Amino acid sequence: MRLLIVEDEKRLATALAAGLTAEGFAVDVVHDGLEGLHRAAEGAYDLLVLDIMLPGMNGYRVCAALRAAGHETPILMLTAKDGEYDEAEGLDTGADDYLTKPFSYVVLVARIRALLRRRGGGSGSPVVTVGALRMDTAARRVHLGEVEITLTAKEFAVLEQLALRAGQVVSKADVLEHVWDFAYDGDPNIVEVYVSALRRKLGAAAIRTVRGAGYRLEAL
Ligand code: CA
């Protein structure tokens, strides 16, 4: 899952990015509203964390512009503590949720996961099941039948991308886009390294390579 943080308080933005990266998200950070709008409009983000008071363009306008252009990416707005900014206005412009500063990091992560689950749609269940494979995306646990499989945060994130589209071909570029941030300019074949690790843990038959196209998670 790939997140964009638009926040001009650099220390806060850096701390959030570090924490969310450790949770297994790919995180990009920009410090300016206009740049945030451009990134959000172009990138394949699963969620935006958007401050309101920003240089370039304020968060309300960024949010409204994205919605007007048809972007449905979930948006979590960060509002100022002093109540100078109106939470209702944030929701009116199309934000999905808001948090008032200062906020607890644990609450932020819970809200982000809740928004991502809601966007996942339907049942709102955090559990993705593919054959005998069961991924609890809220608890970050994976079971194959009765056996719990221990995955690193990145392995989990790669498997999640494949599991969300089980039975379909997912390209290496798709996986890269959702699991690695834009600062990653290394070899796209990094995806193969993680797929190999997943095959060792889940069994070689779990992930098929579709030549020239990508990978397909098979029901086990
Ligand atoms: Ca700000």
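Residues numbered from 1 in each chain as written. Predicted model: local features only at pLDDT ≥ 70, side-chain atom pairs only at ≥ 80, totals over all residues. Heavy atoms only, no water.

Draft legend 1. View of the coordination of the calcium ion. Around the calcium ion, the protein supplies Asp-8 (OD), Asp-51 (OD) and Met-53 (O) as donor atoms, at distances of 2.0 to 2.3 Å. Of note, the donors binding the calcium ion are all from one chain and are spaced D-x42-D-x1-M. Within this pair, whereas Asp-8 is found in the loop between β1 (2-6) and α1 (10-22), its partner Met-53 is found in the loop between β3 (47-51) and α3 (59-68), the two being separated by 45 residues in sequence. (Donors = N, O, S within 2.8 Å, 3.2 Å for Na, K, Ca; no water. Helix = DSSP H or I, 4+ residues; strand = E, 2+ residues; numbered from the N terminus.)

Draft legend 2. Quick peek at the domain arrangement of the protein chain. Parsing the protein chain into structural domains produces domain 1 (2-119) and domain 2 (127-217). Its C-alpha centre places domain 1 at a distance of 26 Å from the equivalent point of domain 2. Opposite the 14 residues of domain 1 that make contact, domain 2 presents twelve residues. Across the domain 1 to domain 2 interface the summed buried area is about 1,100 Å²; carbon plus sulfur atoms make up 49%. Contact with domain 2 buries surface across domain 1, with Arg-2, Gly-24 and Arg-113 losing the most and accounting together for 36% of the total. Counting the contacts that link domain 1 with domain 2 gives zero salt bridges. Counting the contacts that link domain 1 with domain 2 gives three residue pairs in polar contact (both at pLDDT 80 or more). It is strand β2 (residues 26-30) that provides the largest number of residues to the side of domain 1 that touches domain 2, a total of four residues. (Domains from an automatic or database assignment. Contact = heavy atoms within 4.5 Å. Buried area = accessible area lost by both parts, 1.4 Å probe. Salt bridge = Lys/Arg side-chain N within 4 Å of Asp/Glu carboxyl O. Polar contact = N/O pair within 3.5 Å; in protein donor to acceptor, adjacent residues only side chain to side chain.)

Draft legend 3. Expanded view of the packing of helix α7 (residues 172-179) against helix α8 (residues 190-202). At a closest axis distance of 10 Å, the pairing of α7 and α8 adopts a crossing angle of 90°. The angle between α7 and α8 falls in the class roughly perpendicular. Contacts from Lys-172, Val-175 and Leu-176 in α7 reach Ile-190, Val-191 and Glu-192 in α8. Within the contact of α7 with α8, the residues separate by chemical class into four nonpolar, no polar and two charged. (Axes fitted to C-alpha atoms, helices over the stretch in contact; angles between N-to-C directions. Parallel < 35°, antiparallel > 145°, perpendicular 65-115°, else oblique. Nonpolar A, V, L, I, M, F, W, Y, C, P; charged D, E, K, R; others polar.)

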